[in-house]
Amino acid sequence: MSIFTEINSENLIFVQNDKIMIKAGVLGAGHLGKIHLRLLNQSDKYELVGFYDADEANAKKVEAEFGYKYFNTIEALISAVDMVDIVTPTLSHYDCAKKAIAQGKHIFIEKPITNTVEEAEEIRELLSHHNIRGQVGHVERFNPAFTAVKDQIENPMFIETHRLAEFNPRGTDVPVVLDLMIHDIDIILSVVKSKVKHVSASGVSVISDTPDIANARIEFENGCVANLTASRISLKNMRKTRFFQRDAYISVDFLEKKCEVVKMKDAPEVPGDFDMVLQNAEGVKKQIYFDNPDVANNNAILDELETFADAITNNTKPVVTLHDGTEALRVATMIINQF
């Protein structure tokens, strides 16, 4: 038997077989929206109620092919659910989020959070007044290669990222900074515990009306420097980040889901035959060793959605807050303004 119960506020959740299931609806049934629909439908933490898409022909096609219930207005879908998953084009994030928040619904909103920092700040303010939860879809936070090493990233002082993609017309409505580089901006801001001091950047439009290739240098108040490169007209795909810190080098391959940790410690007085030892000009000897963690196999999008369900159910802080999404957009905008 299924019953309704109340938690945290006036929002209702669905309980089935002693499992809490949050009633969810998706706004947007494009490429990524269909992935979210499938994962929400298979999750035991959500009850997928249905979806809305502005393209009625596409919506009816998705409904016929997959069996998800199509709502013919945004308002009807929002009224029927407890959590709204916003997977629409970036330009509509602000309006969709405002409508959901006005009805007291939790929101999961794809990156970038909104089109402008001002819109993002307004969404954050509205959310706090309604005592509801919000999370931004910076999915690389859940990449198993990153989660395997993030606890070993301590006070990095130089970071280098390369995010290259073959050309795909989808996503070219925004600069490559908002399409691709923002993933790396969010990762960097999550590990560098310091304020941004200075940003310099350059970008080139090759195919699109907005830059398709960009390079940025972010300097932090604590002395850390991050060098980021993003391209959506590359001949190959690449998503790699390298972190350099005192006595350690950490490499994360977000695409291949691999990581490498190289550390240094004081060399023993009598090194073994296979020990790797370096000596600097002052005569200090360091031993190099590898400390590579196991990388679990996971579905990062499912993980981000389900951790958001946990945050709603337990009334806890989401992994990627609206504040995080706003700060990533703020830095991305600083970069874009350099072009």
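Topic: the packing of helix H7 (residues 176-191) against helix H9 (residues 322-336)
Relative orientation and spacing of two packed helices are given, respectively, by the angle between their axes and the distance between those axes.
Move 1: One way to put it is that H7 packs onto H9 with a least axis distance of 9 Å and a crossing angle of 120°. Considering their axes alone, H7 and H9 lie oblique with respect to each other. The interaxial crossing formed by H7 with H9 has right-handed handedness. Contacts between H7 and H9 involve Val 177, Leu 178, Met 181, Ile 182, Ile 185, Asp 186 and Leu 189 on the former and, on the latter, Asp 324, Glu 327, Ala 328, Leu 329, Val 331, Ala 332, Ile 335 and Ile 336.
Move 2: The residue inventory of the contact of H7 with H9, partitioned by class, reads 12 nonpolar, no polar and 3 charged.

So, the state of the cysteines
Move 1: With the rule as written, the count across this model stands at 0 disulfides.
Move 2: Of all cysteine sulfurs, the one in Cys 259 lies closest to Cys 224, which takes part in no disulfide; the gap is 20 Å.

Topic: the UniProt feature "domain: Gfo/Idh/MocA-like oxidoreductase N-terminal" (unreviewed entry) in the chain
Move 1: On the UniProt side, "domain: Gfo/Idh/MocA-like oxidoreductase N-terminal" (unreviewed entry) is annotated at positions that read residues 22-138 here.
Move 2: The annotated region residues 22-138 carries 45% helix and 22% strand content, and the separation between its end C-alpha atoms amounts to 21 Å.

Overview of the pattern of salt bridges
Between side chains of opposite charge, a pair can form when the charged atoms approach closely.
Move 1: The full count for this structure, using the stated rule, is 18 salt bridges.
Move 2: Asp 184 is the salt-bridge partner of Arg 163, the closest N and O atoms lying 2.9 Å from each other. Highlighted residues: Arg 163 in strand E8 (residues 158-164) and Asp 184 in helix H7, separated in sequence by 21 residues.
Move 3: On the accessibility criterion, Arg 163 (4% relative accessible area) is buried.
Move 4: A relative accessible area of 2% means that Asp 184 is categorised as buried.
Move 5: The shortest N-O distance in the salt bridge between Lys 286 and Asp 266 comes to 3.0 Å.

Considering helix H2 (residues 56-66)
Move 1: Capping the start of H2 is the job of one residue whose side-chain oxygen sits 3.2 Å from the backbone nitrogen of Ala 57: Asp 55.
Move 2: Gly 67 sits one or two positions beyond H2 and adopts a positive phi of about 85°.

Rules of the game
Residues numbered from 1 in each chain as written. Predicted model: local features only at pLDDT ≥ 70, side-chain atom pairs only at ≥ 80, totals over all residues. Heavy atoms only, no water. Axes fitted to C-alpha atoms, helices over the stretch in contact; angles between N-to-C directions. Helix = DSSP H or I, 4+ residues; strand = E, 2+ residues; numbered from the N terminus. Parallel < 35°, antiparallel > 145°, perpendicular 65-115°, else oblique. Left-handed = near helix turned anticlockwise from the far one by under 90°. Contact = heavy atoms within 4.5 Å. Nonpolar A, V, L, I, M, F, W, Y, C, P; charged D, E, K, R; others polar. Disulfide = S-S within 2.5 Å. UniProt positions renumbered as here; feature names shortened; annotations may be inferred. Salt bridge = Lys/Arg side-chain N within 4 Å of Asp/Glu carboxyl O. Buried < 20%, exposed > 50% of the residue type's maximum accessible area, 1.4 Å probe, protein only. Polar contact = N/O pair within 3.5 Å; in protein donor to acceptor, adjacent residues only side chain to side chain.

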